[in-house]
Amino acid sequence: MSDKAKLVLGDKTIELPVFTGTEGEKAIDITKLRAETGYVTLDSGYMNTGACTSAITFLDGEQGILKYRGYSIEEIAEKSSFLEASYLVFYGKLPTATELKTFEDRIAAFDDVPEGIKTMIKAFPKDAHPMAVLSANMVSLSAFHHDLCAQDLTPPQKDQAIAQLMGQLKVMAAYAFRHSQGKDFVKSDRSLDYCSDFIHMMTGNKNVKKEVAKALDVLLILHVDHEQNCSTSSVRLVGSSKANIFATISAGVDALWGPLHGGANQAVLEMLEEIKGSGKSYQQFLDEVKDKNSSSRLMGFGHRVYKNFDPRAKIIKKACDSVLATLGAQDSLLDIAKGLEEVALKDEYFVSRKLYPNVDFYSGIIYRALGIPTNMFTVMFAMGRLPGWLAQWKEMVEQPGFKICRPRQIYTGDTKNTYKDLKSR
Ligand code: SDX
């Protein structure tokens, strides 16, 4: 196939370069389009627009493939750890044993937040959504860490920002939970691994079952990165103005909160609870979802990119059974989720629209089994996605020719209005 695309505009024909990625994806490079034709492209929701090139994560939505730096998600989830997978997306290679230990220790050293941040967390109403607490305190860290607010961070400062935010987000998430429960903060215990320490800071119990820590570790691995999703694109957009790293990551937290994005994991559990309480059959619920006049959606289903199974959903669904069995727990909501999936995947509405379970459909079942409350689910997603946000920000600011992101538009408003004095309106 030619590496040029021809565009005919009236009597003018221009050639545009075709860009091919390492996995064979193809894009028409329109960098020169406006200069040569005066035209821009229009693509609401960026359904067909590649905002950047990236070497971090590859998705194939038709095949249901997800790879971090060329490693399949299945292999990483089975053989790696959350911090090792984080190192991989940050630095582009699997760490040696020494590199990993150093990285783990650097993150563990950021085991607290400034007193002012603790005071702010305690100032929130106990029923505040923890994503509000996380977002507000993430950007507020900039007031306490001026050293990391320079326009351009040096490589050592970037490394520090990465380790510091990996440590401090975990701390703020745990503190937000403890505050919501009316309990004192629990100090981090550096002798514990990342996930065990988080659960210890949530529960106050140092004896964390290794199966529980492992289940959380796998869930966090599955959330590490997902190319240019809404929150990562928000991080890139805000970071492109050279806003400091705390403001940049806070933008990712805010975008993730939406129920169409990371907030879906909480919405799935609320949906399953509603079905359980309503006594509706799965088909009755799905018929409501299909009714254009109803606002209900099958939360945890559908995806902008995956038009096949989300590989992460497959891994999580399998893990649900093993985690519940390990913990000797039952969860009727898991049975409802499985039943709903079975009926939906036979229903023409979902089949014709290629709507399959996504990462959020089953993840809440495991969070619940681990004792994490529903309103913390999206915070868990943020913990998992933080490495991806930081890696994508780092890749962007280090990319040659880095520019502020500023999309164009087509104006459709009034064209010739003249001012009328107040008394004549
Ligand atoms: C995440 O981008 C990422 O990578 C995100 C993510 C990540 O790791 O970062 O994977 C994480 O955000 C997963 C998605 C979580 N959100 C949900 O589960 C919410 C429910 N899903 C939908 O709202 C929807 O599927 C989206 C938002 C995920 C995708 O929306 P699109 O691509 O804009 O698709 P659309 O809304 O245009 O839907 C196409 C059709 C429409 O029907 P018609 O107008 O053609 O008749 O499918 C229908 C939609 O109404 N549809 C659904 C549906 N999802 C799409 N109908 C019912 N229930 C659903 N869940």
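Summarised in this report is the structure supplied together with it. Predicted model, so just to flag it, every value in this text is computed and none were measured.

1. Thoughts on the packing of helix α9 (residues 210–223) against helix α14 (residues 311–327)
With their axes 11 Å apart at the nearest point, α9 and α14 run at an angle of 170° to one another. With respect to their mutual orientation, α9 and α14 come out roughly antiparallel. Only R312, I315, I316, V323, T326 and L327 of α14 make contact with α9, whose side of the interface consists of E211, V212, A215, V218, L219 and L222. Counted by class, the contact of α9 with α14 contains nine nonpolar, one polar and two charged residues.

2. Examining the sheet that holds strand β4 (residues 57–60)
Across the sheet, three strands lie side by side as β4-β5-β6; this open sheet has antiparallel pairing. Each end of this open sheet is capped by a strand with a single partner; those strands are β4 and β6 (71–72). Of the strand pairs in this sheet, β4 and strand β5 (residues 65–68) are connected by four bridges, and their pairing is antiparallel. The residue of β5 that forms the bridge with D60 is I65.

3. Regarding the sheet that holds strand β2 (residues 12–20)
Spatially, β1-β2-β3 is the arrangement adopted by the three strands of the open sheet, whose pairing is antiparallel. Each of the sheet's edge strands pairs with one partner strand only, and the pair in question is β1 (4–9) and β3 (26–28). Along the sheet, successive strands turn relative to each other by an average axial angle of 30°, direction set aside. Sheet topology note: the β1/β2 ladder contains six bridges and is antiparallel. Note on β2: the bridge partner recorded for L7 is I14.

4. Considerations on the site of the ligand
Within the structure, the ligand sits among 24 residues, and H226, R297, H303, R304 and R312 are positioned closest to it. Side-chain polar atom of K292 to an oxygen atom of the ligand: 3.0 Å apart, as the coordinates give it. R312 places a polar side-chain atom, nitrogen or oxygen, 2.6 Å from an oxygen atom of the ligand. The fraction of the free accessible surface of the ligand (1100 Å²) that becomes covered by protein chains is 78%. Its residues assigned to classes, the shell around the ligand shows 10 nonpolar, seven polar and seven charged.

Quick notes on the rules
- Residues numbered from 1 in each chain as written.
- Predicted model: local features only at pLDDT ≥ 70, side-chain atom pairs only at ≥ 80, totals over all residues.
- Heavy atoms only, no water.
- Axes fitted to C-alpha atoms, helices over the stretch in contact; angles between N-to-C directions.
- Helix = DSSP H or I, 4+ residues; strand = E, 2+ residues; numbered from the N terminus.
- Parallel < 35°, antiparallel > 145°, perpendicular 65-115°, else oblique.
- Contact = heavy atoms within 4.5 Å.
- Nonpolar A, V, L, I, M, F, W, Y, C, P; charged D, E, K, R; others polar.
- Pairing = 2+ DSSP bridges.
- Near = heavy atom within 4 Å.
- Polar contact = N/O pair within 3.5 Å; in protein donor to acceptor, adjacent residues only side chain to side chain.
- Areas by Shrake-Rupley, 256 points an atom, 1.4 Å probe, with all protein chains shown as cover.

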